Amino acid sequence: MKATGHMVFGFCLGALITADPLYTIIITAASPLPDIDHPYSFYGKYNPAACLMKHRGHCHSIIGSIMLALPFIEFSINIFALVFIACIGHLVADRISSSFPGKWPFKIKVW
Ligand SMILES: [Zn+2]
């Protein structure tokens, strides 16, 4: 799934779980974040180490989602939680679009 699809999924997810438009915008903006391991992705093109990372590797896991959201805890615990939710939404969207192998929801990769 491309960044636009992840952002649409993130927008819908944000609109479902929160009434605050700012929180919805944060989830929408953070939705493509796990693809930071792909050198031509929305955020990955700003990651100089992306070409060394395996796409849909550790960034597409629960611990990877925590690690991606961890820098945002400096702003607030709410922002951290929103970015984490956006990353989990990304994993679900990848599984639904079947571009990401696995037997969701029975097999969620932890690491
Ligand atoms: Zn992905």
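For the structure itself, consult the block above.
Residues numbered from 1 in each chain as written. Predicted model: local features only at pLDDT ≥ 70, side-chain atom pairs only at ≥ 80, totals over all residues.

**As for the overall build of the protein**
What counts here: Runs of H or I in DSSP of at least four residues are treated as helices and runs of E of at least two as strands, each being numbered from the N terminus. Any residue with 12 or fewer other C-beta atoms within 10 Å of its own C-beta is exposed, any with 20 or more is buried, and the rest are partly exposed; the C-beta atoms used are placed from the backbone.
Looking only at helices and strands, the protein has four helices and zero strands in total. Counting from the amino terminus, the protein carries its helices and strands in the arrangement α-α-α-α. Residues classed as buried in the protein amount to 33% of the 111 residues present.

**Some thoughts on helix α3 (residues 62–69)**
Just so we agree on the cut-off: Arc definition: directions from the helix axis to the C-beta atoms. Here, residues touch in the contact sense if the C-beta positions derived from the backbone fall within 7 Å of one another.
Listed in full, the buried residues belonging to α3 are Gly64, Ser65, Leu68 and Ala69. Around the axis of α3, the buried residues are gathered within 130° of arc, so they sit on the same side. On its buried side, α3 packs onto α4 (77–96).

**What to know about the nonpolar core**
Where a protein is soluble and globular, its nonpolar side chains tend to be buried together. Put simply, the rule is: For our purposes the nonpolar core covers buried Ala, Val, Leu, Ile, Met, Phe, Trp, Tyr and Cys residues that link as a set through C-beta atoms within 7 Å.
If you look at the biggest cluster of nonpolar residues, it comprises 18 residues, and the most contacted ones within it are Ile27, Ala30, Leu33, Leu82, Val83, Ala86 and Cys87. Of all the secondary-structure elements, those providing two or more residues to this core are α1 (3–17), α2 (21–30), α3 and α4. Among the elements that line this core, the one with the most residues is α4, at eight residues. Non-local contacts of Ala86, meaning those with residues more than four positions away in its chain, are made with Gly10, Ile27, Ala30, Ser31 and Leu33.

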